[in-house]
Amino acid sequence: MLRIVNMIPRSLSGVTGQDAEPNLAVNPENPLQMVATAFTRDPMNGPLAPVFVSQDGGATWSLRSIVPGGPGTADISVGFGSRGGALYAGILNFTTFNLNVLRTANPFALTPMTVLVDRPDEDQPWVTALTARSGGNVDRDHVYIGHNDFNVTPRTASVELSRDARGGPAPSGFATLGVERRQTVGQDGPPVRTAAHSDGTVYVAFQRWVRQLPSGPNDISMDVVIVRDDAFGGGTPPFRALIDPGDGNPGARVATDRFIRFTASTGPLGQERIGADLSVTVDPADSADVWLAWCDRIGGAQGTDWTLHVRHSTDRGRTWSPDVRTVTNAKNPALAVNSQGLVGLMFQQLFGAGPAARWVTQLETTADAWATAPANFVLHSATASSPPRVGLPYLGDYIRLLCVDADFYGVFSGSNLPALANFPNGVTYLRNADFNTQTLFKTDNATRVPVSIDPFFVHHYPGP
Amino acid sequence: MPDATIKDLLARSGLVFTGTVDEAGASTVSDVPVDERTVVVRVGEALHAPGEVDLPPGARVTVQLADSLPPLGLGDEATFFANGVVYGENLAVAEVGRVSPEEVAGMSPGHAGLAPAVSPMSAVIAELALDEVVEHARGADAVVRGQVTGLQVVKRTGLPQEHDPLWWVATLHVDLVARGGLAAPSEVPVLYANSLDVRWRRHLKPKAGQGGLWLLHGTQGEAAVLAQFMVIHELDLQDSIMLDVLRDQGM
């Protein structure tokens, strides 16, 4: 079963924003309940930013504004605790640009989220949450927020962590921990990704910027590093359970000396910027089984590629496979493993060049680490030059895939042109659209609306 | 009701529409809890709405009536001032205020024998927009009339960052100074963020030859070494004629 839904609700059929960089949380206690985010602005430019919510498993979505800081966000990701229904968000505040950690006991109510942390000079918070079922913290929400903390340069890769986040006043146990132990060129890369297992194993992956290259001011050599904690982030010391045999430092270097060209305000890949793609996930049935994906430029300074790599460890991150999957000219890897050990990889790939270039969003699943051909589903395919970019990121610096039991749930952003050929596995639009004339309409179903970037929801159940 | 009250209500509302109560104690949006102050209103006319939220005549909108106002029953008509609450298959709004349809229709009548140049609601909206510019100008450190004569990138010295402002400096040829200790004529360097990143894309980005009334802000932080003034907001460039308005406001 594969369901794809354009998430813009019918009452907002007139929206034309660049609703990029989506994120998703699914309530593990009740997977019919979901919260999603994107660079979607409050339709009335009010003081709170919106989230998308669904209470029917993603079939329908509505928007309500509960995120403090202004009518939008400058980064946002979300996560549910595995019990209790609390939702956590990490944002860059639209007004102050500070990192805010937010919480609500009930995201389906209409009350604003509570600010638990407020700190400047931060980037790209990435939320993972779980509720402990063992150890000394039973029934407490553990929240791990990867973030790039410029208050602690040059070792900026960090985790904002609380092991009892569900109750209590701000900061509700949150404190930041640096996870970079090596020297850097001055900072780490923006993405710091977290993956937590119910047995207390927590992985954090990041991109260590090693040196600036002579080929250009935006050319960086990086290592892809993963650290681990075996006690819900409470190890002594925390996140130092993995030692790299090569240099004896905490954190296994999964890949070293990888070339990236970091483009903050230009879009060399189908109008999109490149330079910071990373994903990590852990098998819910086996915390030793961990997967990592990132992007770099194989061709180096003279190259034009942007290549996605996937690697795999079966021994808690100590040793790593070579690439088990590579995809040329792709970004936004999003990994997840379901309860049956099936690995999912969602990504966005640019096919072709010039006016013929297309962004193709795909979901692959494999039970044998790509030893045989994976199941591949094209979720969306659309001309890369339309709509024209109004800012960056164009599609987003990340998308998200996650699992609850056997089900895969994901979100991505892309052109909302209502063309059946763009959705070979079908799609449902909530907003007004005519697929025969490939036209969007306002709520009056008469006034035409130009094509823009919308968030799309994906639900895949890999059974009959 | 005096126009001042209409203006106050409009300043606090994203939506204004006339309508008739179609159902009481009911909702068209499943996420909205229903109580005795929840009504479904059939829209007569949308008088003010953001571009992306259209309310065609006949649309049914769920309205959570304000606690401070009398309840409404089936068939009651009003002009509703409201803000969006839930955007789903249908729209749910929270009422900010309410007037009778006649009160809005009666505002700002045209001159005898002539239709008003703009709708009464548009006149109030324009007044609010003007207020916003005046308020913004009051916060400016310098207000000058000038034209862009040069644009130059500031060479970045550090590492690339996702939310890098990508500073540029625009040179303004200033021929009039309304506020701020600047000389006229003079060449004034003005810093701006040229980045298209989500953090900076809304910031004003001067273009070659562009002219008008510039609302300049003192540059803060490390960037102050690059230029004394910067532009940061879409409102920081106004038509030159706005100078008269600002002077009328005592600036």
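Structural data are supplied above this passage.
Residues numbered from 1 in each chain as written. Chains lettered and ligands numbered in written order. Predicted model: local features only at pLDDT ≥ 70, side-chain atom pairs only at ≥ 80, totals over all residues. Heavy atoms only, no water.

**Here's the deal with the overall build of chain A**
Item 1. Scanning chain A for helices and strands turns up zero helices and 32 strands.
Item 2. Relative to the compact-globule value of 23 Å for 464 residues, chain A shows a C-alpha radius of gyration of 21 Å, a close match.
Item 3. Judged by the C-alpha coordinates and their principal axes, chain A covers about 65 × 55 × 45 Å.
Item 4. Residues classed as buried in chain A amount to 65% of the 464 residues present.
Item 5. Residue pairs at least 24 apart in sequence account for 59% of intrachain contacts in chain A once pairs closer than 6 positions are excluded. (Helix = DSSP H or I, 4+ residues; strand = E, 2+ residues; numbered from the N terminus. Rg over C-alpha atoms; globule rule 2.2 N^0.38 Å. Buried < 20%, exposed > 50% of the residue type's maximum accessible area, 1.4 Å probe, protein only. Contact = heavy atoms within 4.5 Å.)

**Section: the overall build of chain B**
Item 1. Across its full length, chain B holds four helices and 11 strands.
Item 2. Whereas a compact globule of 251 residues would reach a radius of gyration of roughly 18 Å, chain B reaches 24 Å, over 25% beyond that.
Item 3. Each of the three principal axes of chain B carries a C-alpha extent, and together these read 65 × 55 × 30 Å.
Item 4. In chain B, buried positions account for 44% of the 251 residues.
Item 5. Nonlocal contacts in chain B, meaning residues at least 24 apart in sequence, comprise 64% of its contacts between residues at least 6 apart.
Item 6. Carbon and sulfur atoms make up 53% of the accessible area of chain B, which totals about 11,800 Å².
Item 7. When the 17 basic and 33 acidic side-chain charges of chain B are each reduced to a single mean position, those positions are 9 Å apart. (Areas by Shrake-Rupley, 256 points an atom, 1.4 Å probe, with all protein chains shown as cover. Lys, Arg positive; Asp, Glu negative; His and termini not counted. Charge placed at Lys NZ, Arg CZ, Asp CG, Glu CD.)

**Some details on the sheet that holds strand β29 (residues 433–434) of chain A**
Residues and elements named next belong to chain A.
Item 1. Sheet architecture is open: three strands sit in the order β29-β30-β31, paired in antiparallel fashion. Two strands bound the open sheet, and with one partner strand each, they are β29 and β31 (448–449).
Item 2. Bridge count for β29 against strand β30 (residues 439–441) is two bridges, and the pairing is antiparallel. Bridging from a neighbouring strand, Asp434 pairs with Thr439 of β30. (Pairing = 2+ DSSP bridges.)

**Side note on the pattern of salt bridges**
Residues and elements named next belong to chain B.
Item 1. Evaluated as defined, the whole model comprises 33 salt bridges over all chains.
Item 2. Between Asp131 and Lys7 there is a salt bridge, with its nearest N and O atoms 2.7 Å apart. Here the residue Asp131 occupies a position in helix α3 (residues 120–138), and Lys7 occupies one in helix α1 (residues 3–11), the gap between them amounting to 124 residues.
Item 3. We classify Asp131 as partly exposed; its relative accessible area is 35%.
Item 4. Judged by its relative accessible area of 19%, Lys7 falls in the buried class.
Item 5. For the salt bridge of Arg98 with Glu95, the shortest nitrogen-to-oxygen distance reads 2.6 Å.
Item 6. Using a relative accessible area of 15% as the deciding quantity, one classes Arg98 as buried. (Salt bridge = Lys/Arg side-chain N within 4 Å of Asp/Glu carboxyl O.)

**So, the sheet that holds strand β25 (residues 375–383) of chain A**
Residue and element names in this part refer to chain A.
Item 1. One open sheet accounts for four strands, arranged β22-β23-β24-β25; its pairing is antiparallel. Of all strands in the sheet, those bounded by a partner on one side alone are β22 (330–337) and β25. With strand direction ignored, the average angle separating the axes of adjacent strands in the sheet is 15 degrees.
Item 2. Direction of pairing for strand β24 (residues 358–366) relative to β25: antiparallel, over a ladder of eight bridges. (Axes fitted to C-alpha atoms, helices over the stretch in contact; angles between N-to-C directions.)

**What to know about the side chain of Thr18(B)**
Item 1. Counting through the fold element by element, Thr18(B) comes out in strand β1 (residues 15–24).
Item 2. Not counting chain neighbours up to four residues away, the residues in contact with Thr18(B) comprise Arg42(B), Val43(B), Gly44(B), Glu45(B), Leu47(B), Ala78(B) and Thr79(B).

**Some remarks on the pairing of strand β5 (residues 62–68) of chain A**
Two faces make up the sheet, and in a regular strand the side chains alternate between them.
All names here are of chain A.
Item 1. Of all the seven residues making up β5, seven are buried; the element is thus mostly covered by neighbouring parts of the structure.
Item 2. Pairing between strand β4 (residues 48–54) and β5: six bridges, direction antiparallel. Each residue of the ladder has a partner; that of Phe52, found in β5, is Leu63.

**Things to note about the interface of chain A and chain B**
Item 1. Taken residue by residue, the interface counts 53 residues in chain A and 34 residues in chain B.
Item 2. Summed over both partners, the interface of chain A with chain B comes to about 3,500 Å²; 53% of that surface belongs to carbon and sulfur atoms.
Item 3. Area buried by chain A at its contact with chain B is led by Ser11(A), Met44(A) and Phe97(A), which between them contribute 18% of it.
Item 4. In this assembly, chain A and chain B are joined by three salt bridges.
Item 5. Counting across the interface, chain A meets chain B through 22 residue pairs in polar contact (both at pLDDT 80 or more).
Item 6. If you list the elements that add at least two residues to the side of chain A that touches chain B, you get β5, β6 (73–80), β10 (122–131) and β15 (202–212) of chain A.
Item 7. Examining the composition of the side of chain A that touches chain B, we find that four residues originate from one element, β5(A), more than from any other.
Item 8. Broken down by class, the residue content of the side of chain A that touches chain B amounts to 26 nonpolar, 17 polar and 10 charged. (Buried area = accessible area lost by both parts, 1.4 Å probe. Polar contact = N/O pair within 3.5 Å; in protein donor to acceptor, adjacent residues only side chain to side chain. Nonpolar A, V, L, I, M, F, W, Y, C, P; charged D, E, K, R; others polar.)

**A few points about the pairing of strand β26 (residues 400–404) of chain A**
Item 1. Burial runs high along β26(A): four of the five residues are buried.
Item 2. Taking the residues that link successive antiparallel strands as the turn, the β26(A)-strand β27 (residues 407–415) of chain A hairpin has two residues, and the phi of Asp405(A) there is positive, at about 55 degrees.

**Describing the packing of aromatic side chains**
All names here are of chain A.
Item 1. The final tally for this structure, using the stated rule, is 12 aromatic pairs over all chains.
Item 2. Relative to Phe435, the ring of Tyr429 lies with its centre 5.0 Å away and its plane at 80 degrees, an arrangement referred to as edge-to-face.
Item 3. In this structure Tyr429 comes out as buried when scored by relative accessible area, which is 12%.
Item 4. Each member of the aromatic cluster is reached from another via a ring pair, and the members are Phe412, Phe423, Tyr429, Phe435 and Phe456. (Phe/Tyr/Trp six-rings, centres within 6.5 Å; stacked < 30°, edge-to-face > 60°.)

**Considering the state of the cysteines**
Item 1. This model, assessed by the stated rule, comprises zero disulfides over all chains.
Item 2. Between Cys295(A), a free cysteine, and Cys403(A), which holds the nearest cysteine sulfur, the sulfur-to-sulfur gap is 20 Å. (Disulfide = S-S within 2.5 Å.)

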